[in-house]
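Understanding the architecture of this molecule
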Amino acid sequence: MTMRERRCALGPYVRVLRTPGAAAFFTTTVAGRFGVSMYGLSVLLAAVAGYGDYVRAGVVAGTFAASEAVGGPVVGRLADRVGQRRMLPPVAVVHLAALVGLIVALHRPAPVLATVVVAAVAGLSVPQLGALAAARWSHLLHGDPRIETAFSLESLADDVAFIVGPLAASAAVATVAAPAGASIACALVAGSALALALQRDSMPPPGGARAGAAAAAPRRVPRLVVSLSLANVLLGLLFGTTQLAVTALASAEGTVGLAGVYYLTMSAGSLAASAAYGAIRWRIAPWRRFLGAALLVTAGAAGLTTLQHLVAELAALFVVGLGVGPIIILTGTLVERHVDRSLLTQTFALMSALSAAGIALAGLAAGAVVQAHGALGGFLLLTAYGAGLLAIAVAVRSIAEAQGART
């Protein structure tokens, strides 16, 4: 790729970051999201080191993750009602205090019940930096076609964070000490939240003005929200099931180390698709794009059920990733376009929470299937998730036609 081609590809991203205030809040929230992506593994490793067994460690880490999923929409609702400036400092302080308490409890270690309570408070108070950033983008670019480029940028940031974050967490624990990962993550999250509270120019107003589309069609918005909520659950199930299925596949082939390569290949597909998506000025209706992305997920997953060659398997996982990235971006775009402005942050947070719930559900449902039927069972589930996403694309189309406009 020539320098000129690179400039053309990066141009839309550079232009959207030149929006007044955008670069500042984007870089601030990216740093915090690296911290959030470190939490899961950091808390688990610190708990294992403290208690010496995986059962109690799993209870503590699971409590933290579940509490974050429950608390996310609550924190988002608080931001919508009182504004980010008033919400962020107290939430950040509570989260910082709870995380420090959790680190101390794991290091001593404290009785499991006491540690679980502290873990719950820490999870409930995680600042929802991704949702807060999305609300700021909406405030700055609502009705502007560049909003899709902004959400593509957000998707890229999340993909990179959740690839690098766990690696950074394990490296910190291995080279420094068991609590190091959680300590670094906490500093990034709380510091980013407090820094974001100081950036007032890009803040949406408390309560927000009601979106025209939502006010004009209040009965239709819930249908869209339900459809997109199901899409996020399916995406979470897809992520969790893929982890299990590729681990089973790698184990069956006698190369357990390949599991990470398999999963990273899907992530690479998502990264590539997200980067390309944001650089394109789309003239195709969102539901058609959603349908195309769901077809990629379904085709890649179906290929995994029949292919038995390493290169072909990697290619199929890459195709799945090519569909995943645009679906994440489209979900955010449709929420931004049609959800009432006064409910926007909490809706973004709800979508993230539902993805996390899907990942947790995959551990139960997909775990049993993979245990009984191996990787093939997991890949059949992925194909079913793809079919579910196709059905959601059809539902989004029906909503668009009911509104009498292209959504």
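Residues numbered from 1 in each chain as written. Predicted model: local features only at pLDDT ≥ 70, side-chain atom pairs only at ≥ 80, totals over all residues. Heavy atoms only, no water.

1. Points about helix α4 (residues 84-107)
When the terminal C-alpha atoms of α4 are compared, their 33 Å separation across 24 residues agrees well with the 34 Å that a helix rising 1.5 Å per residue should span. Where α4 is buried, its residues touch α2 (22-51), α3 (54-82), α5 (112-124), α6 (129-141) and α8 (180-197). (Helix = DSSP H or I, 4+ residues; strand = E, 2+ residues; numbered from the N terminus. Expected span 1.5 Å × (residues − 1). Contact = heavy atoms within 4.5 Å.)

2. Details of a nonpolar patch on the surface
Together, V94, L113, V117 and V121 make up an exposed nonpolar region whose accessible area comes to about 350 Å². Take the nonpolar patch: its biggest share by element is three residues, from α5. Considering the arrangement of structural elements, one finds V121 in helix α5. (Patch = residues over 30% accessible without salt bridge, like charges linked within 9 Å, V, L, I, M, F, W, Y side chains within 5 Å. Areas by Shrake-Rupley, 256 points an atom, 1.4 Å probe, with all protein chains shown as cover. Salt bridge = Lys/Arg side-chain N within 4 Å of Asp/Glu carboxyl O.)

3. What about the side chain of R33?
Relative to the assigned elements, R33 resides in helix α2. Here R33 falls in the buried class, since its relative accessible area comes to 5%. Only 2.7 Å separates the side chain of R33 from the side chain of E154, close enough to count as a polar contact. Among the polar contacts made by the side chain of R33, one reaches the side chain of D158 at a distance of 3.2 Å. The contact partners of R33, leaving out residues within four places of it in the chain, are F26, L129, G130, A133, E154, D158 and A161. (Buried < 20%, exposed > 50% of the residue type's maximum accessible area, 1.4 Å probe, protein only. Polar contact = N/O pair within 3.5 Å; in protein donor to acceptor, adjacent residues only side chain to side chain.)

4. So, the packing of aromatic side chains
Across all of its chains, the model carries four aromatic pairs by this definition. Taking 5.2 Å as the distance between ring centres and 65 degrees as the angle between the ring planes, the aromatic pair formed by Y39 and F64 counts as edge-to-face. Residue Y39 is located in helix α2, and its partner F64 is located in helix α3; the two are separated by 25 residues in the primary sequence. Centre to centre, the rings of F151 and F348 are 5.9 Å apart; their planes meet at 55 degrees, and the pair counts as tilted. Residue F151 is found in helix α7 (residues 147-175), and its partner F348 is found in helix α14 (residues 344-403); the two are separated by 197 residues along the sequence. With relative accessibility at 6%, the residue F151 sits in the buried group. (Phe/Tyr/Trp six-rings, centres within 6.5 Å; stacked < 30°, edge-to-face > 60°.)

5. A look at empty space enclosed by the protein
On inspection of all chains with the given rule, the structure shows one cavity of 30 Å³ or more. Taken as a whole, the largest cavity encloses approximately 30 Å³ of empty space. Around the largest cavity, the lining residues are V43, A46, L99, L102, I103, L106, P179 and A182. Those elements giving two or more residues to the lining of the largest cavity turn out to be α2 and α4. When residues in the lining of the largest cavity are grouped by element, the largest group, four residues, is from α4. For the lining of the largest cavity, the per-class residue count stands at eight nonpolar, no polar and no charged. (1 Å grid on protein atoms, 1.4 Å probe; cavity = no way out; pocket = protein on both sides within 12 Å on 5 of 7 lines; lining within 4 Å. Points joined across faces, edges and corners; volume = space filled by probe spheres on them. Nonpolar A, V, L, I, M, F, W, Y, C, P; charged D, E, K, R; others polar.)

6. A short note on the layout of surface pockets
The computed volume of the second largest pocket comes to approximately 470 Å³. Taken together, 24 residues line the second largest pocket, and the ones lying closest to its centre are D144, P145, R146, E148 and R281. When its residues are assigned to classes, the lining of the second largest pocket shows nine nonpolar, five polar and ten charged.

7. Quick word on unusual backbone geometry
Put simply, R108 and P109 share a cis peptide bond, and its omega is -10 degrees. With respect to the secondary-structure elements, P109 resides in the loop between α4 and α5.

8. Focus: the nonpolar core
A general tendency of soluble globular proteins is for nonpolar side chains to be buried together. W137, L238, F290, F379 and L389 are the most contacted members of the largest nonpolar core, which totals 81 residues. Among the elements that line this core, the one with the most residues is α14, at 16 residues. The residues contacting W137, other than those within four sequence positions of it, are V16, L17, A22, F25, F26, H142, I147, A150, L153 and E154. Residues V36, A47, V126 and A169 belong to the second largest nonpolar core, which totals 26 residues. (Core = buried A, V, L, I, M, F, W, Y, C linked by side-chain atoms within 4.5 Å.)

9. Some words on the pattern of salt bridges
Under the defined criterion, the tally for this structure stands at six salt bridges. Ionic pairing is found between D158 and R33, a salt bridge with its closest N-O pair at 3.2 Å. In this pair, D158 is assigned in helix α7 and R33 in helix α2, connecting sequence segments 125 residues apart. By relative accessible area, D158 is classed as partly exposed at 27%. Notably, a salt bridge pairs D53 with R56, separated by 2.7 Å at the nearest N-O pair. By relative accessible area, which is 22% here, D53 ends up partly exposed. The structure contains a network of salt bridges with shared partners spanning R33, E154 and D158.

10. Focus on the confidence of the model for the chain
The share of residues in the chain with pLDDT of 70 or more is 92%, and the mean pLDDT across the chain is 88. Mean pLDDT across the elements of the chain ranges from a minimum in helix α9 (residues 212-216), with 40, to a maximum in α4, with 96. In this model, residues 208-220 is a region of pLDDT below 50 whose contacts with residues beyond four sequence positions or in other chains number 18 contacts. (pLDDT = per-residue confidence, 0-100.)

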